[in-house]
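# A closer look at the structure
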Amino acid sequence: MTAPLPKAELHLHIEGTLEPELAFALAERNAVTLPHASAEELRKAYAFEDLQSFLNLYYELMSVLRTAEDFADLADAYLERAAAQGVRHAEIFFDPQAHTARGVPLETVLAGLGRALEAAPERHGISTRLIMCFLRDQSAESAMETLEAARPWFGSLITAVGLDSAEVGHPPSKFREVYDRAREAGLRLVAHAGEEGPPEYVWEALDVLKVERIDHGIRSLEDERLVERLVRDQIPLTVCPLSNVRLRCVDRLADHPLPRMLEAGLLVTVNSDDPSYFGGYAEDNFQGLRAETGLTDEQLRRLAANSFRASFLSPAERDAHL
Ligand code: ADE
Ligand code: ZN
């Protein structure tokens, strides 16, 4: 196999990198009982109908993450795999409310993630940023409380905020005030939109939340005016091909809209979303696209370059990768 292209990963949920073997190891360490007989049995449960059926398992398995050490081990395991897949820079999501709701303090989560991320340049040759996501199926008040609780880490460990979890029925506009506050605090802004939800949610993420990047955004193609806007402003879309197939947003990789998105002039990037659950890390997504959609080497190089262009690295840091 040729060496993987150097790339940035911009859409990666750290909790979605929990491999079944690590889940069982952490369950034992923390005396947590999982409702699955073994790692192999658990893997068999990874057959999803839609986003919600995945989220149910994703939140259930988080019960094994309890201590700062657990979060550090989780992130370090991801960074090791990512490095082997050519990732040189990772902008990593985490879901604080999914942990605080279980009684795990925010300080514990951030102590563990912070430790792994701080060691990453030296240990794995990867620079990182951390993006705090709000669960959109919870209230705007809960998101605001979470934002305020995280204020001590703004600008140091936490660079940006995002919006994830069950999309349909939870439009971006629900979080207008939260994003206003985050912007005032100097944080960068992203949001999941147009994964299962309609193009209107992408418009709202842009015009109401004023995000700088759209996570997924594949349904934008249904709205010509929206595509024009995204092309004109070169708004990055962090697309996750294997995820889209596993969550049945797209039937088969061969039908994935990514080649059409590139053709349309959109600033598209390729990412792994929740790689433990969706059958592949960053380079696996690149290779899948190459095999199934016939993207050329030149297009794959463009996608890898886009990932650095779309990142929150400084211009000088970005240029060092291009
Ligand atoms: N949380 C983790 N993965 C997600 C996805 N693909 N969409 C929305 N929320 C998520
Ligand atoms: Zn995602």
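You'll find the protein entered in an unreviewed UniProt entry as Adenine deaminase, with Actinomadura barringtoniae given as the organism. Regarding the protein, the UniProt comment filed under Sequence similarities (unreviewed entry) reads as follows: "Belongs to the metallo-dependent hydrolases superfamily. Adenosine and AMP deaminases family. Adenine deaminase type 2 subfamily." In its Function (unreviewed entry) section, UniProt records this for the protein: "Catalyzes the hydrolytic deamination of adenine to hypoxanthine. Plays an important role in the purine salvage pathway and in nitrogen catabolism."

This next bit is on the packing of helix α4 (residues 68-84) against helix α6 (residues 106-124). Closest axis-to-axis distance for the α4/α6 pair is 7 Å, and the angle between their directions is 30 degrees. With respect to α6, the axis of α4 lies roughly parallel. Crossing geometry of α4 relative to α6 is assigned as right-handed. Where α4 approaches α6, its residues A68, E69, D70, F71, A72, A75, D76, L79, E80 and A83 are matched on the opposing element by T108, V109, A111, G112, L113, R115, A116, L117, A120 and H124. Each residue belonging to the contact of α4 with α6 can be placed in one class, and the counts come to 12 nonpolar, three polar and five charged.

Next up on the list: the UniProt feature "site: Important for catalytic activity" (unreviewed entry) in the protein. The positions that UniProt labels "site: Important for catalytic activity" (unreviewed entry) are, in the present scheme, H216. For H216, the position within the fold is in strand β6 (residues 213-216). Judged by the 27 C-beta atoms lying within 10 Å of it, H216 is buried. Excluding residues within four positions of it along the chain, H216 makes contact with H192, A193, G194, E195, V239 and C240.

Those residues carrying the UniProt feature "active site" (unreviewed entry) are E195 in this numbering. In this view, E195 contacts L51, E167, H216, I218 and C249; residues no more than four positions away in its chain are not counted.

With that out of the way, let us pick up the site of ligand 1. The environment of ligand 1 is formed by H13, G16, L51, Y58, D164, S165, H192, E195, S243, D273 and D274. Of the residues in the shell around ligand 1, the class split is two nonpolar, five polar and four charged.

This part covers the environment of L55. Turning to its location among the elements, L55 is positioned in helix α3 (residues 51-61). Along the backbone, L55 and S165 are 110 residues apart, and their C-alpha atoms lie at a distance of 7.2 Å.

What follows concerns the nonpolar core. I14, A75, F94, L113, I131 and A205 are the most contacted members of the largest nonpolar core, which totals 86 residues. Leave out the neighbours within four places in its chain, and L113 touches I14, F71, A75, F94 and L130.

Remark on secondary structure: sheet strands pair via backbone hydrogen bonds, oriented parallel or antiparallel. Pairing is parallel across the open sheet formed by eight strands, whose spatial order is β1-β2-β3-β4-β5-β6-β7-β8. Of all the strands in the sheet, the pair left with one neighbour each is β1 (7-13) and β8 (267-270). Between one strand axis and the next, the sheet turns by 25 degrees as a mean value, whatever way the strands run. Looking at chain direction, strand β5 (residues 188-193) and β6 are connected through four bridges and run parallel.

Close contact between helix α7 (residues 140-149) and helix α8 (residues 176-184) brings their axes to 9 Å; oriented N to C, the two are set at 15 degrees. Regarding the angle of α7 to α8, the classification is roughly parallel. The element α7 and its partner α8 pack so that their crossing is right-handed. Across the interface between the two elements, A140, A143, M144 and L147 of α7 pack against E177, V178, R181 and A182 of α8. For the contact of α7 with α8, the per-class residue count stands at six nonpolar, no polar and two charged.

Reading the values: the criteria
- Residues numbered from 1 in each chain as written.
- Chains lettered and ligands numbered in written order.
- Predicted model: local features only at pLDDT ≥ 70, side-chain atom pairs only at ≥ 80, totals over all residues.
- UniProt positions renumbered as here; feature names shortened; annotations may be inferred.
- Axes fitted to C-alpha atoms, helices over the stretch in contact; angles between N-to-C directions.
- Helix = DSSP H or I, 4+ residues; strand = E, 2+ residues; numbered from the N terminus.
- Parallel < 35°, antiparallel > 145°, perpendicular 65-115°, else oblique.
- Left-handed = near helix turned anticlockwise from the far one by under 90°.
- Contact = placed C-beta atoms within 7 Å.
- Nonpolar A, V, L, I, M, F, W, Y, C, P; charged D, E, K, R; others polar.
- Buried ≥ 20, exposed ≤ 12 C-beta atoms within 10 Å, placed from the backbone.
- Near = placed C-beta within 6 Å.
- Core = buried A, V, L, I, M, F, W, Y, C linked by C-beta atoms within 7 Å.
- Pairing = 2+ DSSP bridges.

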